[in-house]
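# Structural description and commentary
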Amino acid sequence: MPIVSVLSLKGGVGKTSVVLGLAGAATVKGLATLVIDLDPQGNATSILAAQKPKKTASDVLAHPTLDTLHEALTACSWEVAPGEVDVICSSPDLIKHDSFRDAANFHPHLGKALRRLEGYDLILIDCPPSLGSLTREALSTSDQALIVATPSYFGLQGAERAAVEIEEIRKKHNPTLHLLGVLANRVRSVSEEHDFRIAELGDLFGKQVLKPSIPDRIAFQQAEGYGKPIQTMNSAGAREVSQIFEKHLNKIMKATR
Ligand SMILES: Nc1ncnc2c1ncn2[C@@H]1O[C@H](COP(=O)(O)OP(=O)(O)OP(=O)(O)O)[C@@H](O)[C@H]1O
Ligand SMILES: [Mg+2]
């Protein structure tokens, strides 16, 4: 059961969209998937949660037991078989768990309970766009980290900072954590600036840049607006992007075997 943190320390680069795209690809394969929304903004929760949760990610962090985790499992609003996608919801009070401590003085909680959870083929964690205890909780409990970066100066900066953080957490808390790769998102095929930044991403991360990157497509906003997986949208852009998510999902599943 791979546990994958999707992160960047830059906001708005597409972390939640990538989590939802991968979860959608997992439903196509019939994989039982759990999405954990560790972002106090709750964007993944607002798309996925079919009902008000009994317990949230904030409760799980306050009482990291298997019982609390089970109570926090919430059904998904997507039209999928029961248990195919579940979500552990965010709530505004999740922010109280996001204190800043350096990696050495941070003590992870989530992993204790999550490592004992059974019944899922894949767990995806949507991280907040900041470096604090929530992102560290996610990394400390994950096998794989997937950095999302837009091809922009700030996007690359966010990716570099995320990579440094992954390495710190790997050394201090979670030796099994590895960087799956850096995924460029919202790439425009006719932009010199994007070409330049993608080349720069290659210089920074080499083979860790995941191919294919994700193009800028309106299908993302459509899927978001309908609250449905992008895989169910009927457009050329949605089909193109769905194939890309399928490829990246395969990499995730293969990396953990
Ligand atoms: N490849 C894409 N093409 C077009 N729009 C996209 C793409 N990826 C993401 N978006 C849009 O960009 C906006 C921000 O995406 P998203 O919320 O996934 O980013 P985020 O990194 O999770 O943001 P935050 O840091 O606030 O959590 C959304 O409206 C989403 O639909
Ligand atoms: Mg987000």
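Before reading further, recall that the structure is shown in the block above.
Below, the structure is looked at part by part.

The rules behind these values
Residue positions are given per chain, counted from 1 along the sequence in the order it is written. Following the order in which they are written, the chains are lettered starting with A and the ligands numbered starting with 1. Side-chain atom pairs in this predicted model are given and counted only at pLDDT of 80 or more, local residue features only at pLDDT of at least 70, and totals for whole chains, interfaces and linings cover all residues. For the purposes of this entry, the term helix denotes a DSSP run of H or I that reaches at least four residues, the term strand denotes a run of E that reaches at least two, and both are numbered from the N terminus. Between the two quantities, the radius of gyration covers C-alpha atoms and the globule rule is 2.2 Å times the number of residues to the power 0.38. Here a residue counts as buried when 20 or more other C-beta atoms sit within 10 Å of its C-beta, as exposed when there are 12 or fewer, and as partly exposed otherwise, the C-beta atoms being derived from the backbone. Residue pairs are scored as contacts if the distance between their C-beta atoms, which are placed from the backbone, is within 7 Å. Helix axes are fitted only over the stretch in contact, all axes being lines through C-alpha atoms; the angle between N-to-C directions runs from 0 to 180 degrees. By the definition adopted for this analysis, an angle is roughly parallel if under 35 degrees, roughly antiparallel if over 145, roughly perpendicular if from 65 to 115, and oblique otherwise. The hand of a helix crossing depends on one turn: near helix anticlockwise from the far one by less than a right angle means left-handed, and clockwise means right-handed. Nonpolar residues are Ala, Val, Leu, Ile, Met, Phe, Trp, Tyr, Cys and Pro. Charged residues are Asp, Glu, Lys and Arg, and all others, Gly as well, are polar. A pair of strands is labelled paired if DSSP reports no fewer than 2 bridges between them. Being near a molecule or strand means, for a residue, that its backbone-placed C-beta atom lies within 6 Å of it.

### Observations concerning the overall build of the protein
- Counting its secondary structure elements, the protein contains ten helices and seven strands.
- A compact globule built from 257 residues would reach a C-alpha radius of gyration of about 18 Å, and the protein, at 17 Å, matches this within 12%.
- Along the first, second and third principal axes, the C-alpha atoms of the protein reach 50 × 45 × 35 Å.
- Counting all 257 residues of the protein, 46% fall into the buried class.
- Summarising the internal contacts of the protein: among those between residues at least 6 apart in sequence, 78% fall at separations of at least 24.

### Remarks on the packing of helix H6 (residues 133–140) against helix H7 (residues 153–172)
- Two elements in contact, H6 and H7, have axes whose closest approach is 10 Å; the angle formed by their N-to-C orientations is 60°. The orientation of H6 with respect to H7, classified from their angle, is oblique. Here H6 runs over H7; the crossing is right-handed. Residues Thr-135, Arg-136, Leu-139 and Ser-140 of H6 lie in contact with H7, whose contacting residues are Glu-165, Ile-166 and Ile-169.
- Here the residues of the contact of H6 with H7 sort into three nonpolar, two polar and two charged.

### Some details on the sheet that holds strand S4 (residues 85–88)
- Read across the open sheet, the seven strands follow the order S3-S4-S2-S5-S1-S6-S7; overall the sheet is mixed. Among the strands making up the open sheet, the edge pair consists of strand S3 (73–75) and strand S7 (178–184). Here the average twist between neighbouring strands, direction ignored, is 25°.
- Two strands pair when backbone bridges link them, and strand S1 (residues 3–7) and strand S5 (residues 122–126) are joined in this way by four bridges, in the parallel orientation.

### Quick look at the site of ligand 1
- The immediate surroundings of ligand 1 are formed by 19 residues, with Gly-11, Gly-14, Thr-16, Ser-17 and Pro-129 found nearest.
- Mapped onto the shell around ligand 1, the elements with two or more residues apiece are helix H1 (15–29) and helix H9 (219–226).
- Residues belonging to the shell around ligand 1 are distributed by class as follows: four nonpolar, nine polar and six charged.

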